[in-house]
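A look at the structure
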Amino acid sequence: MLIQMLPSILLNIFSPFNIFILFAGMAVGITIGALPGLTATMGVALLLPFTFRMDTMPALLLLCAVYCGGIYGGSITAVLLKTPGTPASAATAEDGFALSKRGQARSALEMTLYASTFGGVLSCLALLGLAPQIAKIALEFGPPEYACLAFFGLTIIISVSGGNIVKGLIAGCLGILLSCIGLDPISGGVRYTFGSANLMAGLQLVPTMIGLFAVSQILEQAQRMGNLRKGETTRVGTGNPLPMKLFFEQTVNMIRSSIIGILVGALPGTGSAIASFISVNAAKRSSKNPEEYGKGSYEAIAASEAGNNAVTGAAMIPLLTLGVPGDVTTAVMLGALIIKGIKPGPAFFTSYPDIAYGIIVGFLVIQFVMLAVGFVATKGFARVAEIPSQVLTPIVAVLCVIGAYAINNSVFDTKLILVMGLVGFLLPKFGFPTVPILIGFILGETFEKGIRQGLVMSTGDWSIFVSRPICIFFLAIALLFLGSSVYREVIKPLRDRYRVQIKG
Amino acid sequence: MTKRKADCIVSAMLICFSVAVLVYTKCKVIVPDAYVSYGIGPQTLPTILGWVILILSIFLFLSSLAGKTEEQKLALDKQELKIILIFIAAFAVYIVAMPVLGFYVATALFLIVIFHVLKVEKKLIFILTPGTLLAVYVIFTMICEVYLPSGLFV
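Residues numbered from 1 in each chain as written. Chains lettered and ligands numbered in written order. Predicted model: local features only at pLDDT ≥ 70, side-chain atom pairs only at ≥ 80, totals over all residues. Heavy atoms only, no water.

Scanning chain A from N- to C-terminus turns up 23 helices and two strands. Its C-alpha atoms give chain A a radius of gyration of 22 Å, within 12% of the compact-globule value 23 Å for 504 residues. Taken over the C-alpha atoms alone, chain A extends approximately 75 × 65 × 55 Å along its principal axes. Each of the 504 residues in chain A was classed as buried or not, and the buried ones make up 62%. (Helix = DSSP H or I, 4+ residues; strand = E, 2+ residues; numbered from the N terminus. Rg over C-alpha atoms; globule rule 2.2 N^0.38 Å. Buried < 20%, exposed > 50% of the residue type's maximum accessible area, 1.4 Å probe, protein only.)

As structure tokens, this is what we get:
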């Protein structure tokens, strides 16, 4: 059916107005994504009223362009300032910023762009060819499967512990403990609120992330600027463009990360942050240079970006095939469709083939619009690295405050970023990595909710977690990862030390 | 301070913290029986985490006492410490003052102070501060319609 409809769909998408909509939506999305605290979801929600008077196709193209642009835009500030614009790019921040500091901002941004496009394109192809099959797998996911997926995600903590597993595990536990603050997700019991109404809903992800990564980085910059004399500046160059050979070397890595992104993205309620962390972890395990991760690795950037952008198309799968929005962004898109009198669901592809296939082809075109806009703008973005830190740091601090406040219009969240900033600044000084805190915080609630709902389902029988095929799959790879991590990080160094002692 | 000494202090603090978590969870997270299903309630995960942190911290403390961690020095000179403390204090005052003075006034004061502390030229401060505020107003207030705190002033 697609082949018959393709000419009319393409004619519709490539009309002058729709082209304008695509570029405008992409520019808005990238800008919103790049501002700390303003997420892709917020961008889609902000532009929703503009679509009320539009036809269905341009309205959906606009929202999809903002969504994809928002996810990509978040990586720009992650690379340049170690300030992830959205949670999706938190995994890019360490390596991207390390490259920026070495004066390779431009090549890091280009890797971000190309890998994002790669992940986005594969995701569209999956949406086009495998949507019903992937939706079927997603439907199989119940609480026990989510618990096992979260457990698998938590094993990543070991590989991002920076060589000290004990400190990494402590940081991960602290992250999970932070996710326990507020109302208990099952019973509504109150935990660790200390009588504060602000803590009832728990700590919000975006302010926590801004504090841990951005504010801590601001304090780090302040420390570095402590010894500067008047008029002295700290600026680095933008470096050379990315050699295409380096990009093509990442093909396998990007395909693997895109598949992870597609599978995670199709699951309701997971999100692109989880996809990018799992992708980076998988890339590190199969890398020839795992020691470079966290210190400026192009592989890590490629994995994270392909993973998080692959989520964008896949997140549409449950929406288009089942009528179930997987996250807030797709829920807003569902709203846009309903406003236009269209109800997605199992019959969507047969009832509205022009709209259904139009969205998919539109998503594919959006990836190339992203490539074009990003390609033109990257050189300009990279120049941010040339702005002296004395000028940039205070302005970023103000943006962080706005970003934290804008999420819930809450002054409490601005205080939270300072506290989390101090945590993110002080813990690495004592060898505790901050990434495990974020992973624990993101996955903690999913893990606890999955376990407890699973036990309710099985009337207290724990074997539910080892008797379902998807659970067994996740537990098996989690145990495999744990085993290989313990071997690589603990047993092998001990063995090597023992051998050196014997030789000595 | 050597890294070994720092590890000892941090692990001792973590031991105290995990004990506090365990005691608080036991005494203050009041859980009616109806909240506990199949032996698992709101207290379960925090209690497990408290024990895990306690065990790992004791391990860290003992291994740092035994001298298994590196003897590397933690570098932070006086000038660096001074500027960080000023930055943290200014940031804290900015956040507390924001609902009282209003976002724009508090931000202007914060930027002027921090630019001055970071030794930015005066001429540049007078360009950058209003420039930043104008950009924030256009992007956030006018375009994105984000309602920033308004206090006694703006």
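Counting its secondary structure elements, chain B contains five helices and zero strands. Scanning chain B from its N terminus toward the C terminus, one meets helices and strands in the order α-α-α-α-α. Looking at chain B as a whole, 41% of its 154 residues are labelled buried. Counting contacts in chain B only where the partners sit at least 6 residues apart, residues at least 24 apart contribute 68% of the total. As displayed, chain B has an accessible area near 8,800 Å², and 73% of this comes from carbon and sulfur atoms. (Contact = heavy atoms within 4.5 Å. Areas by Shrake-Rupley, 256 points an atom, 1.4 Å probe, with all protein chains shown as cover.)

On to the interface of chain B and chain A. With 60 residues of chain B at the contact, the number on the chain A side is 62 residues. Taken together, both faces of the contact between chain B and chain A bury some 5,500 Å²; the carbon and sulfur share is 81%. We note a salt bridge from Asp7 of chain B to Lys167 of chain A, for which the minimum N-O separation is 2.8 Å. Our count for the chain B to chain A interface comes out at five residue pairs in polar contact (both at pLDDT 80 or more). At the level of secondary structure, the elements contributing two or more residues to the side of chain B that touches chain A comprise α1 (3-27), α2 (44-65), α3 (78-101), α4 (103-117) and α5 (122-143) of chain B. (Buried area = accessible area lost by both parts, 1.4 Å probe. Salt bridge = Lys/Arg side-chain N within 4 Å of Asp/Glu carboxyl O. Polar contact = N/O pair within 3.5 Å; in protein donor to acceptor, adjacent residues only side chain to side chain.)

Take the side chain of Thr77 of chain A next. Residue and element names in this part refer to chain A. By the element assignment, Thr77 lies in helix α4 (residues 56-81). Within the structure, the side chain of Thr77 is placed 3.1 Å from the backbone oxygen of Ala34, a separation counted as a polar contact. With sequence-adjacent residues up to four places away left out, Thr77 is seen in contact with Ala34, Lys82, Thr83, Pro84 and Gly85.

Looking at chain B, pLDDT values average 85 and 88% of them are 70 or higher. Overall fold confidence (pTM) sits at 0.80, and the ipTM for the predicted complex is 0.90. (pLDDT = per-residue confidence, 0-100.)

Residue and element names in this part refer to chain A. Under the defined criterion, the tally for this structure stands at nine salt bridges over all chains. Here Glu145 makes a salt bridge to Arg468, at a shortest N to O gap of 2.7 Å. Taken together, the residues Glu145 in helix α8 (residues 143-154) and Arg468 in the loop between α22 (435-457) and α23 (469-503) connect sequence positions 323 residues apart. Residue Glu145 is classed as buried on the basis of its relative accessible area, which comes to 3%. Each of Asp184, Arg191, Glu448 and Arg452 takes part in a single network of salt bridges with overlapping partners.

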